[in-house]
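Chain residues, written in single-letter form:
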Amino acid sequence: MDMGQLGSILPLILLVVVFYFLLIRPQRKRQQEAVKMQNSLTPGTRVMTTTGLFGTVVTVDNEDVVLEVAPGVETRWVKAAIGRVVTPGDAPAGDEVAASEEDGNESEAAVDRNGDQDSSTKKS
């Protein structure tokens with residue numbers, strides 16, 4: 001193998017190495033963490049599924065988890081469908097959106113009041 005062939009193959013080898021360290025390795029690490037979290041589920045744990053449904057773990061079978069999504073309403077899920085464990089400090093996304101909408105309405109009202117004051121001063 002002469003230097004010309006090595007020079008043309010080297011960029012391809014570097015591309016594969018960069019691809020591995022930037023994409024494959026981090027994805028594998030995230031997947032291992034997800035499996036570890038799913039295997040550590042215990043009854044009473046509050047979780048969110050990958051589809052965004054919040055529930056409390058009632059029982060854990062081999063590959064299944066029974067979630068209570070409302071008082072008296074239980075559903076069976078595969079462990080792989082559990083996206084994350086919800087800590088008590090986490091708020092559902094809907095609450096954050098409602099809070100930001102309320103803030104937005106208050107600021108719009110302030111803009112309207114300021115706009116009315118400006119227009120009344122211009123008329124005077």
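Here goes a summary of the coordinates provided.

Cut-offs applied
- Residues numbered from 1 in each chain as written.
- Predicted model: local features only at pLDDT ≥ 70, side-chain atom pairs only at ≥ 80, totals over all residues.
- Heavy atoms only, no water.
- Helix = DSSP H or I, 4+ residues; strand = E, 2+ residues; numbered from the N terminus.
- Buried < 20%, exposed > 50% of the residue type's maximum accessible area, 1.4 Å probe, protein only.
- Contact = heavy atoms within 4.5 Å.
- Areas by Shrake-Rupley, 256 points an atom, 1.4 Å probe, with all protein chains shown as cover.
- Patch = residues over 30% accessible without salt bridge, like charges linked within 9 Å, V, L, I, M, F, W, Y side chains within 5 Å.
- Salt bridge = Lys/Arg side-chain N within 4 Å of Asp/Glu carboxyl O.
- Phe/Tyr/Trp six-rings, centres within 6.5 Å; stacked < 30°, edge-to-face > 60°.
- Pairing = 2+ DSSP bridges.

Broken down by element type, the chain carries two helices and five strands. Listing every helix and strand of the chain by position from the N terminus yields α-β-β-β-β-β-α. Expressed as a percentage of the 124 residues in the chain, the buried residues total 14%. Counting only contacts in the chain whose residues sit at least 6 apart along the sequence, the fraction spanning at least 24 positions is 35%. About 9,500 Å² of surface is accessible on the chain, with carbon and sulfur atoms providing 58% of the total.

This part is about a nonpolar patch on the surface. Together, I9, L10, I13, L14, V17, V18, F19, Y20, F21, L22, L23 and I24 line one region of the surface with nonpolar side chains, adding up to about 1,100 Å² of accessible area. With respect to the helices and strands, the residue F19 is situated in helix α1 (residues 3-39). On the basis of relative accessible area, F19 is assigned to the partly exposed category, the value being 44%.

This model, assessed by the stated rule, comprises one aromatic pair. For the ring pair Y20 and F21, a centre distance of 5.2 Å and an interplane angle of 80° mean the geometry is edge-to-face. Residue classification places F21 among the partly exposed positions, given a relative accessible area of 45%.

Looking now at the side chain of Q38. Here Q38 lies in helix α1. Among the residues examined, Q38 registers a relative accessible area of 11% and is labelled buried. Contacts of Q38, omitting those with residues within four sequence positions, involve K79, A80 and I82.

Let us now look at the pairing of strand β3 (residues 64-70). Consecutive side chains of a regular strand alternate in pointing toward one face of the sheet and then the other. Note that strand β2 (residues 54-60) and β3 share four bridges and pair antiparallel. By the bridge assignment for β3, T59 is matched with V66. Linking two consecutive strands that pair antiparallel, namely β2 and β3, is a turn of three residues. When β3 meets strand β4 (residues 73-78), the two strands line up antiparallel, connected through six bridges. For V66, the partnering residue across the bridge sits in β4 and is R76.

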